[in-house]
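Results of the structural survey
Here are the chains, one letter per residue:
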Amino acid sequence: MLVDDNEHDNFFHEREIKKVDASIDVVSKKSGNEALEYLKLNQEKENLHPDLIFLDINMHGMNGWEFLEHYNLLTRDVQSHAIIVMLTTSSNPADNKRAQSFNFISDYITKPLTQEILINISTKHFK
Amino acid sequence: MNKSKESERTKRAKKELLFRRKELVQIISQMITGGEELDLILSGERLDDFFDLSPSLMVITNPKGEIFKINKSCLTILGYTQKEILNIGLWSLVHPDDIDKTTAVIEKQLRGDEISNFITRYKNKDGTYRILEWQATTVKDGFTYAYANDITNRNIAMKELLFQNEEKEKRADELDIANKELLFEQKEKVKRAEELALAIKELLFQKEEKEKKADELIIANKEIQFQSVEKVKRADELEIANKEIELLDEEKEQRITKLGKANKEIELLDEEKTKRTDELAIAIKELLFQNEEKQKRADELDIANKEILYQKEEKEKRADELIIANRELEFQSVEKVKRADELDIANKEIELLDEEKEKRITRLGKANKEIELLDEEKQKRAAELDIAKKELVFQKNEKEKRADELIIIKDDLDILREKEMLAIKLSVANKELEQFSYLASHDLQEPLRTISNYIKVFEEDYSENLDETAQKYLSSVNMATTRMSQLIQSLLEYSILGRHTDLISVNCAQLVGNVISDLNQLMKTSGAIIDVGDMPTLNLYEIEMHALFQNLISNALKFQEKNRKPKIKIRAEEIDDVWNFSISDNGIGIEPQYFERVFQIFQSLNTRSEYEGTGIGLAYCKKIVQLHSGEIWIESTVGKGTTFYFTIHKLTI
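Residues numbered from 1 in each chain as written. Chains lettered and ligands numbered in written order. Predicted model: local features only at pLDDT ≥ 70, side-chain atom pairs only at ≥ 80, totals over all residues. Heavy atoms only, no water.

From N to C terminus, chain B includes 13 helices and twelve strands. Out of the 653 residues belonging to chain B, those deemed buried represent 26%. When contacts within chain B are restricted to residue pairs at least 6 apart in sequence, long-range pairs at least 24 apart make up 58% of them. (Helix = DSSP H or I, 4+ residues; strand = E, 2+ residues; numbered from the N terminus. Buried < 20%, exposed > 50% of the residue type's maximum accessible area, 1.4 Å probe, protein only. Contact = heavy atoms within 4.5 Å.)

Shown next as structure tokens:
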């Protein structure tokens, strides 16, 4: 799942993901709210749970941090599958450290998302 | 029965009347037709007889209205003797209710009018009233000849007729009603008949049921016979059982004796019980006393409840007050909305202010350059100070020069102070800058990223439609955006240098090792060899030091002849209270006139196409070194190599 309010970034990243593996389903959500809604809505349907969430920090409305706070409050079975990667333009080390304070954030990478990064993540977490 | 008698009376009355009328008509017609008989009649005696025989009342009155002659019928009908009538006069016998109309008629009569069929009532001596129908004629000499018929009976008969007619009508109505009832009863009978039919069918059905029951009874009886056989068997078994019971009875007697003993025990227990009951009585008295206490509590509770009620009323008052308060809150929230709008306006003003700030940033850039110039001047001044100090030791006589030089030094100090002031202002401005720098870089990077990403998409999706030139153009655009992105990144790093870090103890050998491993790829492709000497552990700004080494080492790798393998030597030496680091390479070297310039921001000595570089790196390095209160300088020979030296003060955390 891509959580980012920039449509262009979502477009590119989806392309890159599909280039790595075209069978991967990509869901884009333009805000933290929409992402949370999606997760809650599909609580029952396990096959719709995202395995990997790329989360932007700077979004209008609910930003990445706020999303994480709410995500923390979700039930385990909604959470458990997803690996969360902060994918952001921010090179601010404070953001990096803040990301590390959440134990369910696996990685902190800066945009753009490339095939290389994807492959790295997938080898790290899924194999 | 009365009816029939009355109708007979009526009939008789009617018959009499008719007979009398006929007589009269006969007489009168004879009078009219004339004849011998008429003459006879007109003779006195016959006239008298006729007068008296007439069944009608006949009265002759004189012009004064007094009675001249009356006939027998008058006397018989009214019940008086002639003397009596002449005494009292007819007028007194008139029914009181008929006096008025009789008076009127008499007047008419006196005027000479004919009176016919005038009905009035006269009282009989016995007190009853006779209804008389009068005919009267007054002749020329004023005498009045009047006769009347007693129609009392006729009236009575007419009334009875009417009454009987009414009765008949009532009977007729009653008959109607009775007929309707009969019809209704007949209908009811029909219904009953139908119900009877249904009842009969049910009876038939029930008879069938009974027959079935009878059959079942027969079966039941057979079963009963069978069961009586069974009973006989049971009876035998019972005998056996009875014998067993006799045995049990013996046992019972034994138990009875035991019971006797038990009873005695129970008597003892009863005595105990009486004692308990006495105790209970005492307990009951205590309970009564407690009940009284409870009553008192209950009364107290009542009082308490009343208080609670009172408090409830108070609460309600509060609630009302709350409602008022809530309304005020609503009003205030409306006010808040207005404030929010005002805030919007304020935010827009802030945006305007932001634009102004950006202008200040450019101004600050210029200020930074001025500061750098001043820094250099300071260094020059410091060097001169050293020389002046040495001369002082040797030349005491040259106080005036020293004094002048001191003045110069003071001027320098003033400049220093100015510099400090500027530095403070700068730090303030830098803090403002820093806040914007991250945001700005983020906002600037985003469209760049979009551009380069879309170019990539373009290249991937439309590669068939693009010729080489088009692809070159796209590639140029891409490179430019990449370069700009790097520039922004470098600017950002440069601007926030040293803000967020603290001094920590760093093992420099490890730090350098990390940098080299990060540059692994670059080293492999160039086939570089790095020689690292002993490194101390110092209190440093770790991230910045990492960046410093990374920059210098990557420069060493980068600025190299194409086919030469880079050889890099890194050393550290302790001199007094500083550590002196050096990074030497065998690269292309730098001309001496540029030794200072390279550390200026955006100063790149090579054209971009030859060696990639944003031109920020060394300025960055210089800033990092200054952060550690050190200095950085170059020694280099063009074509042979370059050594970067920098000092790091021993800083305490």
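The full count for this structure, using the stated rule, is twelve aromatic pairs over all chains. When the ring of A:Phe12 is compared with that of B:Tyr454, the centres are 4.6 Å apart and the planes differ by 75°; the resulting orientation is edge-to-face. Of this pair, A:Phe12 sits in helix α1 (residues 7-20) while B:Tyr454 sits in helix α8 (residues 399-461), on two different chains. With relative accessibility at 30%, the residue B:Tyr454 sits in the partly exposed group. (Phe/Tyr/Trp six-rings, centres within 6.5 Å; stacked < 30°, edge-to-face > 60°.)

For the rest of this paragraph, the subject is the interface of chain B and chain A. Opposite the 13 residues of chain B that make contact, chain A presents 15 residues. The contact between chain B and chain A buries some 1,400 Å² in all, and 51% of this surface belongs to carbon and sulfur atoms. It is B:Tyr438, B:His442 and B:Arg449 that lose the most area in chain B upon contact with chain A, and together they represent 38% of the buried surface on that side. Between A:Lys19 and B:Glu460 there is a salt bridge whose closest N-O contact spans 2.3 Å. The interface formed by chain B and chain A contains seven residue pairs in polar contact (both at pLDDT 80 or more). The set of elements that each furnish at least two residues to the side of chain B that touches chain A consists of α8 and α9 (468-495) of chain B. By residue number, the principal contributor to the side of chain B that touches chain A is α8(B), which donates eleven residues. Among the residues forming the side of chain B that touches chain A, the class breakdown is four nonpolar, four polar and five charged. (Buried area = accessible area lost by both parts, 1.4 Å probe. Salt bridge = Lys/Arg side-chain N within 4 Å of Asp/Glu carboxyl O. Polar contact = N/O pair within 3.5 Å; in protein donor to acceptor, adjacent residues only side chain to side chain. Nonpolar A, V, L, I, M, F, W, Y, C, P; charged D, E, K, R; others polar.)

Residue and element names in this part refer to chain A. A sheet is described by the order of its strands in space; here five strands give the open sequence β2-β1-β3-β4-β5, paired in parallel fashion. Because the sheet does not close on itself, it has two edges, and the strands there are β2 (28-29) and β5 (105-110). Alignment of strand β3 (residues 52-55) against strand β4 (residues 83-88), held across four bridges, turns out to be parallel. Residue pairing across strands places Leu55 opposite Met86, the latter belonging to β4. (Pairing = 2+ DSSP bridges.)

This part is about the packing of helix α2 (residues 32-41) of chain A against helix α3 (residues 64-73) of chain A. Residue and element names in this part refer to chain A. Viewed as axis vectors pointing N to C, α2 and α3 meet at an angle of 20°, and their least axial separation amounts to 9 Å. The orientation of α2 relative to α3 falls into the category roughly parallel. Viewed along their axes, α2 and α3 form a crossing whose handedness is right-handed. When α2 is examined against α3, the residues Gly32, Ala35, Leu36 and Leu39 are found in contact with a partner set consisting of Phe67, His70 and Tyr71. Of the residues belonging to the contact of α2 with α3, the class tally is five nonpolar, two polar and no charged. (Axes fitted to C-alpha atoms, helices over the stretch in contact; angles between N-to-C directions. Parallel < 35°, antiparallel > 145°, perpendicular 65-115°, else oblique. Left-handed = near helix turned anticlockwise from the far one by under 90°.)

Moving on: the pattern of salt bridges. Close approach of charged atoms allows side chains of opposite charge to pair. This model, assessed by the stated rule, comprises 45 salt bridges over all chains. Note that B:Lys650 and B:Glu574 form a salt bridge whose closest N and O atoms lie 2.2 Å from each other. In this pair, B:Lys650 is assigned in the segment after β12 (641-649) and B:Glu574 in strand β9 (residues 567-575), connecting sequence segments 76 residues apart. Judged by relative accessible area, which is 38%, B:Lys650 ranks as partly exposed. One salt-bridge network, held together by shared partners, links A:Arg15, A:Glu16, A:Lys19, B:Lys456, B:Glu460 and B:Asp461.

With that settled, consider the confidence of the model for chain B. Taken residue by residue, chain B gives an average pLDDT of 85. The fraction at 70 or more is 94%. This prediction of the complex comes with two scores: 0.37 for pTM and 0.79 for ipTM. (pLDDT = per-residue confidence, 0-100.)

Our focus in this paragraph is helix α10 (residues 508-518) of chain B. Residues and elements named next belong to chain B. Three or more residues of α10 are buried, namely Cys508, Leu511, Val512, Val515 and Ile516. Along the axis of α10, the buried positions cluster into a sector of 135°, meaning they face one direction only. Taking the backbone nitrogen of Ala509 as reference, a side-chain oxygen 2.9 Å away marks Asn507 as the first, capping residue of α10. (Arc of directions from axis to C-beta.)

Attention now goes to a nonpolar patch on the surface. Side chains of B:Leu280, B:Ile284, B:Leu287 and B:Leu288 sit close together on the surface and give an oily, nonpolar patch of about 390 Å² of accessible area. Secondary-structure assignment places B:Leu280 in helix α7 (residues 152-394). (Patch = residues over 30% accessible without salt bridge, like charges linked within 9 Å, V, L, I, M, F, W, Y side chains within 5 Å. Areas by Shrake-Rupley, 256 points an atom, 1.4 Å probe, with all protein chains shown as cover.)

This part covers unusual backbone geometry. Across residues other than glycine, the phi torsion is negative in most instances, and most of the peptide bonds are trans. One non-glycine residue with positive phi stands out, namely B:Asn117, at about 55°. Here B:Asn117 is to be found in strand β3 (residues 115-123).

What follows deals with the environment of B:Glu384. Along the polypeptide, B:Glu384 turns up in helix α7. The sequence separation of B:Glu384 and B:Glu405 amounts to 21 residues, and the corresponding C-alpha distance is 9.3 Å.

To continue, consider the packing of α9(B) against helix α13 (residues 617-627) of chain B. Residues and elements named next belong to chain B. Across the interface, α9 lies against α13 with an axial gap of 10 Å and an inter-helix angle of 15°. One finds that α9 runs roughly parallel with respect to α13. Crossing geometry of α9 relative to α13 is assigned as left-handed. Residues Glu493, Tyr494 and Ser495 of α9 touch α13, and the partners they reach there are Ala619, Tyr620 and Lys623.

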